[in-house]
Amino acid sequence: QVQLVDSGGGLVKAGGSLRVSCTASGTIFSIRGMGWYRQAPGKELELVATITRGGSTTYADSVKGRFTASRDNTRNTMYLQMNSLKPEDTAVYYCNADHSDRNGYTARYWGQGTQVTVSS
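Residues numbered from 1 in each chain as written. Predicted model: local features only at pLDDT ≥ 70, side-chain atom pairs only at ≥ 80, totals over all residues. Heavy atoms only, no water.

(A) Fine view of the overall build of the chain. When its secondary structure is counted, the chain shows 0 helices and 11 strands. Ordered by position from the N terminus, the helices and strands of the chain form the series β-β-β-β-β-β-β-β-β-β-β. Computed over its C-alpha atoms, the radius of gyration of the chain comes to 14 Å, within 12% of the 14 Å expected for a compact globule of 120 residues. Each principal axis of the C-alpha distribution contributes one length, and for the chain these read about 50 × 25 × 25 Å. (Helix = DSSP H or I, 4+ residues; strand = E, 2+ residues; numbered from the N terminus. Rg over C-alpha atoms; globule rule 2.2 N^0.38 Å.)

(B) Structural context of the sheet that holds strand β7 (residues 67-72). The strand order across the open sheet built from 4 strands is β1-β3-β8-β7, with neighbouring strands paired in antiparallel fashion. Whereas interior strands pair on both sides, the edge strands pair on one side only; in this sheet they are β1 (2-7) and β7. Ignoring which end each strand starts from, the neighbouring axes of this sheet average 15° apart. Looking at chain direction, strand β3 (residues 18-26) and strand β8 (residues 77-82) are connected through 6 bridges and run antiparallel. Across the sheet, the residue bridging to L18 is M82, located in β8. (Pairing = 2+ DSSP bridges. Axes fitted to C-alpha atoms, helices over the stretch in contact; angles between N-to-C directions.)

(C) Structural view of the pairing of strand β10 (residues 106-110). Alternating positions in β10 separate cleanly, A107 and Y109 being buried on one face and T106, R108 and W110 remaining unburied on the opposite face. Bridge count between strand β9 (residues 91-100) and β10: 5 bridges; the pairing is antiparallel. In the sheet register, A97 faces β10, and the bridge partner there is Y109. Linking β9 back to β10 in an antiparallel pair, the connection comprises 5 residues, with G104 at a positive phi of about 90°. (Buried < 20%, exposed > 50% of the residue type's maximum accessible area, 1.4 Å probe, protein only.)

(D) Layout of the environment of D89. The residue D89 is located in the loop between β8 and β9 in this model. Residue contacts for D89: discarding those within four places in its chain leaves R38, R66, F67, S84, V116 and V118. (Contact = heavy atoms within 4.5 Å.)

Rendered as C-alpha cells:
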C-alpha cells in the first residue's frame, strides 16, 4: 500500500506565493507519473499539473507561467510552487501518483487534499 500526504496549504493574499507538497510513503517500488488536481467549492475536479518520473511537466492553461511542478524522486515527494496567486486559485489541492509494484501492477493513489485560500 502507498499513502500520499498533501501539505503546505494555507491562506495567502492575491499576488502572493505558496508551495504545496505531496509525500508518498509505504511499500514503494516505483512511482511513475504524478499530478496535482484542485476542486473549488461547487466546481468539478480540475487537472492543474502533471509531472513524469523524468520531470516533464504539463499545466492547465489557467496556471501556465504561474505554477511550477517539480519532484524529488529520492524523497518520493512532489511539489507545486504557486506564484502570482489569484482568488480563483482558491480550492482544495489534491495530489495523485501512479505506482507500479514489482509485478508491474499499476494503481493510482490520492492524497487527502490541502486547502489553499487566496484573499483579494
